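# Chains, contacts and geometry: an overview
Below, each chain spelled out in residue letters.
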Amino acid sequence: MDPGRLALRSCKALNRPVLSRPQGWTAWPCPEPWCLMPTVPNTPPCFSSLSISGLESTSCVPEAAWRSLGLLPRRNSMHLLGPLLLLLVPEYLAFSDSEDWKFEHPKTLYAWEGACIQIPCQYKIPEKREPRNNKRKVLDDLTVYHNYTYDQTAKDFRGSILYQMTKMKEFQGRIQFLGDDMSDCTLHIRSVNTQDSGVLGLRMISGADKWMENIFLNVSKTAPPPLIQLPLEIRESQEVTLTCLLNFSCVGYQIRLQWSLESFQLLSVTSTTLTTKTVSTQSKLTMQPNWTHHGQNLTCQLWNDNAGGLLSYKTVQLDVKHAPKEVTIVLQNPTPIREGDNVTLTCNYTSSNPRVIRYEWSPRGSWNELVPGVLTIQKVSWNAGPFTCAACNTWCSWAAPVNLHIKYAPKGVKVLSIIPHSEIHSGDRVLLQCNFSSSHPTDVRFFWKKNGILLKEGRELSFDSISPEDAGSYNCLVNNSIGQSTSETWMLQVLYAPRRLWVSMSPKDSVMEGKRAVLTCESDANPPISQYTWFDWNNQNLHHYDQMLRLDPVKVEHSGAYWCQAANQLGVGQSPPSTLTVYYSPETISRRVALGVGLCLAILLLAIWGVKFQQSWRRIQSQQGLQENSSGQSFFVRNKKIRRAPLSEGPHSLGCYNPVMEDAISYAVLNFPENDTPRIGDAGTSEVPRLSLNRDNTVTYSVVHKRQVGDYENVTPDVPEDEEIHYSELVHFGAGGRPLDHEGVEYVTLKR
């Protein structure tokens, strides 16, 4: 048989599982065997083991098992054990070769002195029929050994026999066989003690088939503590199930498991399991841990109410994962805090699992966190906060908001118009109120200012009958113990019809002709004037509707009183008359002086001409009586003057009326001397001689052109006067020759 197969059968004989089929094996010290066995308290020490290449997990074979085979390998021995096992363990190999024996039972059972041990056991005899009667094979004999050995000489097992089926007794000492000869090999051992620890060997015989099954007992002096099984992670407020487990159960020995958290007992139910796979007593505790349970002691107690009460217990400290915890904000500043102060806040917590790794603050801003958890606010604003912080590990916990109760001067100060809500007219009742949004402290005082001057104290400002003089800029002031705040300027506008109209003159009320004069209609009205109207001293509408009346250039005839009228949506007002005086310029004065002198000279000349005319008239009258045959010696020509329409006044129609220019009569006297001898006329002048009769008849004519002179001085007429031709046919009167005296023509223009 190859060493691998021998190794497998050796493990099977020892009732040890193998993880994989070994390919070869050598002797190695522990802990690298090829057979698996659970590690239990009070197990015989691992003496040596077999190492199989290719195995990923190993355990130890107890020293007693080697001794039961008659083997005692040295530590670190490197020699092959396959041939040795074949030579030294013939009996072992004999029953080991019976591969069809199968057992199910706990590998190790635990108990303590005074308790009992119940061994649930199931077996299966190899499936071989008796050749004679073809009956199913049954168990012929069962011997229970305690810490047995193998006798090489006698080729048999030696040891303390606790039970032997052939004696047909139900109880042999403290052991009771509860099984049968077919499949059940259950045993019950009562009143165990520490000496019962070790290997319990069940020698099974059925015909020619034999088997030695090993069961390990672990009996301690006192009851071992139970095992508390916890989930990998316990979180606050999440339901978890905890298990208190004891690898013990025995019929007839009643025990229970009791939970307690700190000093408080918790309700739970104890259950037992007694099978070929598991022998245990356990209690499950379902709870929803609170963060306050973190670090508290959770205890599971083993009780036997009939044998001494509390037998053992196990305590663990709960590790409850929770967000940082009642997290609070501590204000480091002395109170009270005023607007603009520097404020320091500290974020504290009492418990955190895992530890806090960062902090968060709300509201977010340009705050300085120089030290984690310590916030410094520079120049805190009046409405800052409330503030809160969070301490964070895997989760974040927020503190209750903290109000800084910052003290500040009144805010949101403004003027409200209570009465009326719309336009304010002169004579209305007006009520103003001073309002503010917030103040800390709230004890405040109110003041009013008009145009920057303190007016009165009080929250309201009233006008029983408002006048235009009450209009202006108003401010409301509110102060408390911290400071004072002023509202924005509130413009009080009073609507009224035009009033207090007067005419102002620029540059002054006396101005020289040819300059510029500006008359302005000054008014006081709200809403503003929409239309102006100007009147002169005759109350004549000048049809000028601007606020200013410009006279450029001003004339002497502009002198007089002027007044204006102004209108807006509410009414009409008029100003008293204001007088404008226009005086002559030096040039006009010089011209008028010259005209006066000229007029005087003209009058004088006219007087002279009048005298001469009178003299001539008299002479003519006297001469008319002497001339009998003549049809006429003199004539009058009357020039009807064409009257021109006066030129319209304009910027250039300047000058004075010329009184001289009127209808005129042109008078001509033609003297024809008849002889060369002068004659004294009636007027005392020498008389014209009579014409000579022997002189040839002649025709004499004259053309008289009228002077082109305008009606006004210093003005050239736009339309020239028509030229007139005055003619006369002269004939010789009477007979005789005319004197050679000089003929004379006199032309006189008479003013009518």
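Below, the structure is looked at part by part. (Residues numbered from 1 in each chain as written. Predicted model: local features only at pLDDT ≥ 70, side-chain atom pairs only at ≥ 80, totals over all residues. Heavy atoms only, no water.)

Applying the stated rule across the entire model yields 14 salt bridges. For Glu339, the salt bridge identified is with Lys411, shortest N-O distance 3.2 Å. Here Glu339 is found in the loop between β25 (337–338) and β26 (343–348), whereas its partner Lys411 is found in strand β32 (residues 406–411), with 72 residues between them in sequence. Accessibility expressed as a relative area gives 35% for Glu339, which makes it partly exposed. We classify Lys411 as buried; its relative accessible area is 19%. The partner of Arg445 in a salt bridge is Glu457, with the nearest N and O atoms 3.0 Å apart. Residue Arg445 is found in strand β36 (residues 445–450), and its partner Glu457 is found in strand β37 (residues 453–457); the two are separated by 12 residues along the sequence. Judged by its relative accessible area of 42%, Glu457 falls in the partly exposed class. Bridged by salt links that share partners, the residues Glu469, Arg499, Arg500 and Asp524 form one connected network. (Salt bridge = Lys/Arg side-chain N within 4 Å of Asp/Glu carboxyl O. Helix = DSSP H or I, 4+ residues; strand = E, 2+ residues; numbered from the N terminus. Buried < 20%, exposed > 50% of the residue type's maximum accessible area, 1.4 Å probe, protein only.)

Turning to the pairing of strand β45 (residues 531–535), a few remarks are in order. Of all the five residues making up β45, four are buried; the element is thus mostly covered by neighbouring parts of the structure. Across five bridges, the pairing between β45 and strand β47 (residues 560–568) is antiparallel. Along β47, the bridge assignment pairs Phe535 with Trp563. (Pairing = 2+ DSSP bridges.)

The full count for this structure, using the stated rule, is 18 aromatic pairs. Where Trp112 meets Phe248, the ring centres are 4.3 Å apart and the plane angle is 45°; that geometry is what we call tilted. Of this pair, Trp112 sits in strand β4 (residues 108–112) while Phe248 sits in the loop between β16 (240–246) and β17 (256–261), placing them 136 residues apart in sequence. Among the residues examined, Phe248 registers a relative accessible area of 2% and is labelled buried. Judged by centre distance (5.5 Å) and plane angle (90°), the rings of Trp537 and Tyr562 are edge-to-face. Of this pair, Trp537 sits in the loop between β45 and β46 (548–551) while Tyr562 sits in strand β47, and the two are 25 residues apart along the sequence. (Phe/Tyr/Trp six-rings, centres within 6.5 Å; stacked < 30°, edge-to-face > 60°.)

So, about the state of the cysteines. Note: disulfide means a covalent bond formed between the sulfur atoms of two cysteine side chains. With the rule as written, the count across this model stands at seven disulfides. Between the sulfur atoms of Cys121 and its disulfide mate Cys185 the distance is 1.6 Å. Given an S-S torsion of about -75°, the disulfide between Cys121 and Cys185 has left-handed geometry. Remark: Cys185 occurs in the loop between β10 (175–177) and β11 (187–189) and Cys121 occurs in the loop between β5 (117–119) and β6 (122–124); sequence separation between them is 64 residues. Grouping residues by exposure puts Cys121 and Cys185 together as buried. Note on cysteine connectivity: Cys392 is disulfide-linked to Cys396, with sulfurs 1.9 Å apart. Between Cys392 and Cys396 the sulfur-sulfur dihedral comes to about 115°; the bridge is accordingly right-handed. For Cys396, a relative accessible area of 31% corresponds to the partly exposed category. (Disulfide = S-S within 2.5 Å.)

Here we come to the environment of Asp140. Of note, Asp140 is situated in the loop between β6 and β7 (141–151). Note: C-alpha distance between Asp140 and Ile205 (65 residues apart in sequence) is 5.6 Å. At a separation of 2.6 Å, a polar atom in the side chain of Asp140 contacts the main-chain amide nitrogen of Gly207. (Polar contact = N/O pair within 3.5 Å; in protein donor to acceptor, adjacent residues only side chain to side chain.)

The antiparallel open sheet is built from three strands, whose spatial order is β33-β34-β38. Looking along the sheet, the strands with just one partner apiece sit at the ends: β33 (414–419) and β38 (460–463). Direction aside, neighbouring strands of the sheet carry axes that sit 20° apart on average. In terms of strand pairing, strand β34 (residues 430–435) meets β38 through four bridges, oriented antiparallel. Paired with Leu431 across the strands is Ser462, a residue of β38. (Axes fitted to C-alpha atoms, helices over the stretch in contact; angles between N-to-C directions.)

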